[in-house]
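Examination of the molecular architecture
As a plain string of letters, each chain reads:
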Amino acid sequence: MTLTKSILRVALATGLLLLIPLVAMQFTHEVNWTFSDFVFAAVMLFGTGLTYVLIARKWNNLTYKLAVGVGVVAGLMLMWANAAVGLVGSEDNPANLLYLGVLAVALIGAFAARFKPLGMSNAMFAASFTYVMVTAVALFIWTPTGAAAEPQVRLVNVLVANGAFAAIWAVSGWLFRRASAIGSNLNQRLA
């Protein structure tokens, strides 16, 4: 499939996904998106899809493509959850900005690895580790205060949710490691 067709498919999928809250707003007052909510969602969804298309084209390996998918979805979920409700305390907690470091580690690592599977694996494991460290700093060192503290949220819930997010980055790293091993085995057979 050509790059243009892939980008058009991403744009179409983004539009279709945005129809869900638009239609829901017609039937319930619980869904109340503003124009800026739709713009934010469109940028996030299209950006995620475009990132997947551009990176997944680098290798013709199903495991690699799956690893890219898991990694970009982890990034989307991180940004979406952080913007919507915050990952530690409320969305107003300035400690939530630390989670941008997770994306920075993943992106810098991916570019440094030139998107090669083994390097991408290391980048995703580093992002997972960074996620755990940011959560620890946000919870135990830079603790939320005032309205950002959200005292009704239990520590266990925050730890489980953040542990799940960190695990998604680790799964991506593991898949990239598998893609690297598959590529190595294929190269050995061809040699």
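Please read these numbers as outputs of a predicted model, since none were measured by experiment.

With that settled, consider helix α4 (residues 100–112). Compared with an ideal rise of 1.5 Å per residue, which puts 13 residues at 18 Å, α4 spans 18 Å between its outermost C-alpha atoms and is within 8% of the ideal. All of the buried residues in α4 are V102, L103, A106, G109 and A110. With its buried residues spanning 140 degrees around the axis, α4 presents them on a single face. When the buried face of α4 is taken as reference, the exposed residues oriented beyond 90 degrees from it are I108, F111 and A112. Just beyond α4, the residue with positive phi is R114, at close to 55 degrees.

This part covers the confidence of the model for the protein. Of all residues in the protein, 88% attain a pLDDT of 70 or more, and the chain-wide mean is 87. Per-element confidence in the protein is highest for α4, whose mean pLDDT is 95, and lowest for helix α6 (residues 155–190), whose mean pLDDT is 82.

Bringing the packing of helix α1 (residues 3–27) against helix α2 (residues 35–56) into the picture now. Two elements in contact, α1 and α2, have axes whose closest approach is 9 Å; the angle formed by their N-to-C orientations is 150 degrees. In terms of orientation, α1 and α2 fall into the roughly antiparallel class. With respect to the hand of their crossing, α1 and α2 are arranged in right-handed fashion. Contacts from L3, S6, I7, V10, A11, T14, L17, L18, P21, L22 and M25 of α1 reach α2 at F38, A41, A42, L45, F46, G49, L50, V53 and L54. Its residues assigned to classes, the contact of α1 with α2 comprises 17 nonpolar, three polar and no charged.

Rules used throughout
Residues numbered from 1 in each chain as written. Predicted model: local features only at pLDDT ≥ 70, side-chain atom pairs only at ≥ 80, totals over all residues. Heavy atoms only, no water. Helix = DSSP H or I, 4+ residues; strand = E, 2+ residues; numbered from the N terminus. Expected span 1.5 Å × (residues − 1). Buried < 20%, exposed > 50% of the residue type's maximum accessible area, 1.4 Å probe, protein only. Arc of directions from axis to C-beta. pLDDT = per-residue confidence, 0-100. Axes fitted to C-alpha atoms, helices over the stretch in contact; angles between N-to-C directions. Parallel < 35°, antiparallel > 145°, perpendicular 65-115°, else oblique. Left-handed = near helix turned anticlockwise from the far one by under 90°. Contact = heavy atoms within 4.5 Å. Nonpolar A, V, L, I, M, F, W, Y, C, P; charged D, E, K, R; others polar.

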